[in-house]
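Fold and geometry: a report
Given next are the chains, with one letter for each unit.
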Amino acid sequence: MKLNPPTAETPVDSRWHYRRSLASRVTLLTTMAVGLSVAFVAIGAYVTVRMQLSSTLDETLLDRAHQTAKAPTLVNLPTGDEVPAWALVATDLRIALVFSDGRVYEPGQTKGVPRMSGTELEVAAGKAPQSLRTVRTAGYDYRVVAVPYGDDQALVIAQSLESQEKVLTRLGLVTLLFGLAGIIAAGVAGWGVARNGLRPVRKLSSAVEEIARTEDLRPLPVEGDDEIARLATAFNQMLTSLAASRDRQRRLVADAGHELRTPLTSLRTNIDLLTMASPENALPPEAHDELLADVRAQIEELTTLVGDLVELARDEPLTHVVGQVEVHEALEQAVARVRRRAGDVRIALDNASWFVVGEAGSIERALTNLLDNAVKWSPPGAEVRVRMDSGVVTVDDDGPGIPDEDLPHVFERFYRSEASRSMPGSGLGLSIVHQIVERHAGTVEAQRRPEGGTRMVLRLPGSAVRP
């Protein structure tokens, strides 16, 4: 089959992921899920560590500032004495005194305190208990803390954030590397899981493709009790249905060929006899009329047989509904039709109203076939009793009855008991009844009457009043 390229009028499926294999989609989704999880964890860890480091640094700076403010060495700072080195605690600290009038005093060892602002002046003036802020100076970030110190003075300590930023940089790099490694590992694991997990699906697909190529409807092996096993079981059920349908089709063709062969052979023989007759070797009028009657009967038998085969070939459920069917009227018409060809067999009818939804012609044909079967098996002068009650049609005859071994098979296609093989018919009438009744969600069964004869019981769901 040639496929035309997409055009402006041909819609193209933009959902590209549906055109990918299931294994690749599982791998991609697994990698994305793990990648997002790793990203959230990494970001959360980085933010948590950053906040914890900042909090620890702030607490340390405040504690050092308060401890340094109480140190005796700094008491004489206004006189110009130098601050001892031990008071600086660490070389990355910068220390200064800020006066409320804006003057800043920096000991010689600690030059380079970031520029002061109004925040530190408010602490020196006693308007704020302390201050804490981050200042960027000469390309470096400093954490600056100010605490009160004497009258109109504030002690300012600044610590560089370079070491903390280095730690955070290394942490971010390590987190990124581990995250990438985790994503790669998740992708490999997802690919492995998808490949191994979908192996039964690939085996099932190969088996189904083999069935489609060879038409070998043998059941597939089922392993385990998971979703794949249930899928294989469903395929086996489908294969069983297909095999049964194919067997029914083959039996129908074989049986139809067998049933058609006999009337066609007889019809050909009679026609040959008629064509062989010449004016010099003419057939007697009685023989000529008998041959024509036989030809007419055989044509009618062929017509009936072909119609039955067409009806049996309709193996689909009832899809087109004609509407409300008056079953009691269909039964009256079937009785009237069968009475015309029943000879001296009488038909007694006890009818009642019943309405169903379905095909009127099919229902009437099913009823006619039941009545024809009862008349065929009734002895001359007998009576066939037909009764309709609440959607149940009962047909009783006074024939020999159906043997127990034949009761389960009377509705099978082309089935004919030993006693019926010498009688006219194709063995399709009751199977047509069964098929029509099933299409209308009803049932039909054959029973032996205790007093002799056969009872056919047909049930159709419906209502006694018109809906």
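Summary of the structure given here. Note that this is a predicted model, so its numbers are computed, not measured. (Residues numbered from 1 in each chain as written. Predicted model: local features only at pLDDT ≥ 70, side-chain atom pairs only at ≥ 80, totals over all residues. Heavy atoms only, no water.)

Here's the deal with the pattern of salt bridges
Counted according to the given criterion, the structure contains 20 salt bridges. A cluster of three or more residues bridged by salt bridges with shared partners is formed by Glu 383, Arg 385, Asp 398, Arg 449 and Glu 451. (Salt bridge = Lys/Arg side-chain N within 4 Å of Asp/Glu carboxyl O.)

A short note on a positive patch on the surface
Taken together, Arg 195, Arg 199, Arg 202 and Lys 203 make up a surface patch of like positive charges. Here the element with the most residues in the positive patch is helix α4 (residues 199-214); it accounts for three residues. With respect to the helices and strands, the residue Lys 203 is situated in helix α4. (Patch = residues over 30% accessible without salt bridge, like charges linked within 9 Å, V, L, I, M, F, W, Y side chains within 5 Å. Areas by Shrake-Rupley, 256 points an atom, 1.4 Å probe, with all protein chains shown as cover. Lys, Arg positive; Asp, Glu negative; His and termini not counted. Charge placed at Lys NZ, Arg CZ, Asp CG, Glu CD. Helix = DSSP H or I, 4+ residues; strand = E, 2+ residues; numbered from the N terminus.)

Structural notes on the packing of aromatic side chains
Applying the stated criterion to the full structure yields zero aromatic pairs. Note that Arg 103 overlies the ring of Phe 99, its terminal NZ or CZ placed 4.2 Å from the centroid. (Phe/Tyr/Trp six-rings, centres within 6.5 Å; stacked < 30°, edge-to-face > 60°. Lys NZ or Arg CZ within 6 Å of the ring centre and 35° of its normal.)

Describing the packing of helix α3 (residues 162-197) against α4
At a minimum axis distance of 4 Å, the contact between α3 and α4 shows a crossing angle of 40°. Within the contact between the two elements, α3 uses Arg 195, Asn 196 and Gly 197 and α4 uses Arg 199, Pro 200 and Arg 202. Of the residues in the contact of α3 with α4, the class split is one nonpolar, two polar and three charged. (Axes fitted to C-alpha atoms, helices over the stretch in contact; angles between N-to-C directions. Contact = heavy atoms within 4.5 Å. Nonpolar A, V, L, I, M, F, W, Y, C, P; charged D, E, K, R; others polar.)

A word on the sheet that holds strand β9 (residues 383-389)
With mixed pairing, five strands are arranged side by side in an open sheet as β7-β9-β10-β12-β11. One side of each edge strand has no neighbouring strand; the edge strands of this open sheet are β7 (346-350) and β11 (443-448). Taken pair by pair, the neighbouring strands of this sheet meet at an average axis angle of 15°, ignoring direction. In this structure, β11 lies alongside strand β12 (residues 454-459), joined through six bridges in antiparallel fashion. What sits directly across from Gln 447, in β12, is Arg 455. The strands that helix α7 (residues 327-340) touches are β7, β9 and β10 (392-396); relative to β7, the one it contacts most, it runs at about 170°. (Pairing = 2+ DSSP bridges.)

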